[in-house]
Amino acid sequence: CPGKYVANTTASTIDQIVRDFRQAQLLKDLPLPHLTKLATHTSLEHFETGTRVIAKDEFGDKFYVIREGRVRCSNIGKVSRRDSQSTSRAGEKPAYVDLGKGAHFGERALLRDEMRACDVIALEPTACYVVSRADFNAMLGSMTEAMERCLALRVIMSMKRAAAPRKARATRATSKPRRSRVR
């Protein structure tokens, strides 16, 4: 349908989308022709502060790359809603992860054909490039193995970031300043 894709307008718009896609971990290493084709099948959606972009356990039919703004991914996996800190107990997934410009979300449901794994809420006015499930699979389906590795790496990195503040606090708590003896 006319106007469905933002990239229908100009070559400079496509170039901008490709530059923005290069910031997304999942897409950054894709060849330019793949990114360009994907950019031509991209729409732009706007979300006001507090808008639920994705609801956990719903069917996933879109992939998102943040053009501007920030979102919070919460209620991740098996972490309970009562946890409201950015980190949870050792060995558990983070209670929430904040994402900004260039970050992406929603790929897990498309890659693994699963329901959504978390809630995603706009923390401020946010614009996202959006790729439908059909376009995502048609253009990137042959690269799903590489994307799975990227997804696994992203989960590990978010867990490390969540654990870093705990480790720093524990180190400070057990470190005692040394006193030098003056004779």
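Above this text you will find the structure in question.
Residues numbered from 1 in each chain as written. Predicted model: local features only at pLDDT ≥ 70, side-chain atom pairs only at ≥ 80, totals over all residues. Heavy atoms only, no water.

Participant: Would you explain the side chain of Lys56 in this entry?
Facilitator: Note on placement: Lys56 falls in the loop between strand S2 (52-54) and strand S3 (62-68). Within polar-contact distance, the side chain of Lys56 engages the backbone oxygen of Asn75 at 3.1 Å. (Helix = DSSP H or I, 4+ residues; strand = E, 2+ residues; numbered from the N terminus. Polar contact = N/O pair within 3.5 Å; in protein donor to acceptor, adjacent residues only side chain to side chain.)

Participant: Whenever I open this one, the packing of aromatic side chains confuses me. Can you help?
Facilitator: For any two aromatic rings, the description comes down to two numbers: the centre-to-centre distance and the angle of the planes. Within this structure, the stated rule accounts for four aromatic pairs. An angle of 85° between the planes, with centres 5.8 Å apart, marks the rings of Phe21 and Tyr129 as edge-to-face. A residue pair is termed long-range when its members are at least 10 positions apart, and Phe21 in helix H1 (residues 11-21) and Tyr129 in strand S8 (residues 126-132) qualify at 108 residues. For Phe21, a relative accessible area of 0% translates into the label buried. Taken together, the aromatic side chains of Phe47, Tyr64 and Phe105 make up a single cluster linked through ring pairs. (Phe/Tyr/Trp six-rings, centres within 6.5 Å; stacked < 30°, edge-to-face > 60°. Buried < 20%, exposed > 50% of the residue type's maximum accessible area, 1.4 Å probe, protein only.)

Participant: What am I meant to see in the sheet that holds S2 here?
Facilitator: With respect to topology, four strands assemble into an open sheet ordered S2-S7-S4-S5, the strand pairing being antiparallel. Two strands in the sheet have a free side with no partner beyond their single neighbour: S2 and strand S5 (96-99). The average undirected angle you get between the axes of adjacent strands in this sheet is 25°. Sheet topology note: the S2/strand S7 (residues 119-122) ladder contains two bridges and is antiparallel. Directly across from Ile54, in S7, lies its bridge partner Val120. (Pairing = 2+ DSSP bridges. Axes fitted to C-alpha atoms, helices over the stretch in contact; angles between N-to-C directions.)

Participant: What is the right way to look at the pattern of salt bridges in this model?
Facilitator: When their charged atoms lie close together, side chains carrying opposite charge are able to pair. For the coordinates displayed, the defined rule picks out seven salt bridges. Linking Glu45 and Lys62 is a salt bridge whose minimum nitrogen-to-oxygen distance equals 2.8 Å. With Glu45 in strand S1 (residues 43-47) and Lys62 in strand S3, the pair connects residues that are 17 residues apart, well separated along the chain. Judged by relative accessible area, Lys62 falls into the partly exposed class, the value being 24%. Between Asp98 and Arg72 there is a salt bridge, with its nearest N and O atoms 2.6 Å apart. In this pair, Asp98 sits in strand S5 while Arg72 sits in strand S4 (residues 71-74), placing the two residues 26 residues apart along the sequence. You can call Arg72 partly exposed: its relative accessible area is 27%. (Salt bridge = Lys/Arg side-chain N within 4 Å of Asp/Glu carboxyl O.)

Participant: Whenever I open this one, unusual backbone geometry confuses me. Can you help?
Facilitator: What is expected of a backbone is that most residues other than glycine have negative phi and most peptide bonds are trans. Phi is positive for Asn75, which is not a glycine, with a value near 55°. Secondary-structure assignment places Asn75 in the loop between S4 and S5. According to the relative accessible area criterion, Asn75 is buried, its value standing at 11%.

These figures come from the coordinates and say nothing about function on their own.
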